[in-house]
Amino acid sequence: MYGFLIGVGVLLVLSIVWMVYRIQTLVSVVKGSDKKIASGSNKVNAILFILFLLGTGILMFWYSIKEFDNYQLPIASEHGVITDSLFWITMAVTGVVFLITHILLFIFPYKYQYKEDRKATFYPDNNKLEIIWTAVPAVVLAGLVISGWVAWSDITAPAPEKAHVVEIMGYQFAWEIRYPGKDNVLGDYDYRLITASNSHGVDFTDKNALDDFPSPKVVIPKGEPVLFKIRARDVLHSVFAPHMRLKMDAVPGMPTRFWFVPTKTTEEMRAELNDPEFEYEIACTEICGRGHFGMRRVIEVVEPEAYQKWYAEQKTFIQQNPALAEGLSTEVKELAEIQLRESNK
Ligand SMILES: [Cu+2]
């Protein structure tokens, strides 16, 4: 109902504007002032074009320089160096073209504003010019696209065998982290197994799941390949680790992955930034609902020895909650019990 009334209101306002315009035109015809094409506002508009160019140009440079450190975070992964250099090459090429075209775009309306004694030149076509402005962008863009494609193929190639696996599962509104345990193989999962005490939906009838363990934060070793296996439990989320130059969607029903090699420990980055509080983080970059802003997890990059030590100290799901082993087959239960005994030693 309101929509209809608003529609009628808009129509009425538009018709009033149209009537005012019509009356003005008729008045100028009667007065005989409609013959004059250019008025004083022509010059004002021409000058406004130049002011707009200068104003927005200054604002753009001021903002870009002021906020530079906020969008150029230090790189903490091997492939990040490659993607960053691609980014800056693209930025340089498109930036120069952007500046030239926009300066011309705004200077031309000023330079060629209407003058009574000036006539437009008739210039139908120029084949040579057209070939140049088609061929040059085609070659430059092909170069950019191909170098980007080569880098992306490398980055998304299968992870090395020895990569450390971490599962990251997004849900409204947090991330759950699961490690595969000693066997480096994650156990199966099934959304139908999700309960209050099994938020990952881990299938404990799969032997690979018995040594899996959860973690409140992502701990990974420096200088070694890490494979993130990413999934979502409800809606689209997206894993974003800006210092690692890592971004990958978490899609319900379609597991994704991203592997990389971290190059600086959290401690090293703290020293570099002179910030003892610094933490690497994962943020969600898919607007996934009301609590989207709260989807943060800390990533801690440590030396490989410290990682091995931390890994060995973690308690499996079943060690943390023996009730999860209830109802399992005798064979699986025995395996789980061996683990329990080991952890109690
Ligand atoms: Cu999210």
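Residues numbered from 1 in each chain as written. Predicted model: local features only at pLDDT ≥ 70, side-chain atom pairs only at ≥ 80, totals over all residues. Heavy atoms only, no water.

Let us look at the coordination of the copper ion. In this structure, His237 (ND1), Cys284 (SG), Cys288 (SG) and Met295 (SD) serve as the protein donors to the copper ion, at separations of 2.1 to 2.5 Å. Given four donor atoms and angles of 93 to 125° at the metal, the environment of the copper ion is assigned as tetrahedral. Counting residues between consecutive donors of the copper ion along the chain gives the motif H-x46-C-x3-C-x6-M. Side by side, Cys288 and Met295 carry an identical accessibility label, which is buried. (Donors = N, O, S within 2.8 Å, 3.2 Å for Na, K, Ca; no water. Tetrahedral: all angles 85-135°; square planar, octahedral: opposite > 155°, others 65-115°. Buried < 20%, exposed > 50% of the residue type's maximum accessible area, 1.4 Å probe, protein only.)

Bringing the UniProt feature "transmembrane region" (unreviewed entry) in the protein into the picture now. Look at the UniProt record and you will see "transmembrane region" (unreviewed entry) annotated at residues 6–23, 44–65, 85–110 and 131–152. With 100% helix and 0% strand, residues 85–110 has end C-alpha atoms that lie 38 Å from one another. Between the C-alpha atoms that bound residues 131–152 there is a distance of 31 Å. The span itself is 100% helix and 0% strand. (UniProt positions renumbered as here; feature names shortened; annotations may be inferred. Helix = DSSP H or I, 4+ residues; strand = E, 2+ residues; numbered from the N terminus.)

When the UniProt feature table is mapped onto this chain numbering, "domain: Cytochrome oxidase subunit II copper A binding" (unreviewed entry) sits at residues 161–313. Secondary structure across residues 161–313 divides into 12% helix and 36% strand, with the first and last C-alpha atoms of the span separated by 23 Å.

Two faces make up the sheet, and in a regular strand the side chains alternate between them. In terms of burial, strand S6 (residues 237–241) is largely enclosed, as four of its five residues are buried. Both S6 and strand S7 (residues 246–250) contribute to a ladder of five bridges, which runs antiparallel. Bridging across to S7, Phe240 finds its partner in Lys247. Here two bridges tie S6 to strand S9 (residues 280–284), and the two strands are oriented antiparallel to one another. The residue of S9 that forms the bridge with Val239 is Cys284. (Pairing = 2+ DSSP bridges.)

What follows deals with the sheet that holds strand S8 (residues 256–260). One open sheet holds the five strands; their spatial order is S3-S2-S1-S5-S8, and the pairing between them is mixed. Unpaired on one side and paired on the other, strand S3 (213–215) and S8 mark the two borders of the sheet. Ignoring strand direction, the axes of neighbouring strands in this sheet form an average angle of 30°. Examined bridge by bridge, strand S2 (residues 174–179) and S3 share three bridges and lie antiparallel to one another. Each residue of the ladder has a partner; that of Ile177, found in S3, is Ser215. (Axes fitted to C-alpha atoms, helices over the stretch in contact; angles between N-to-C directions.)

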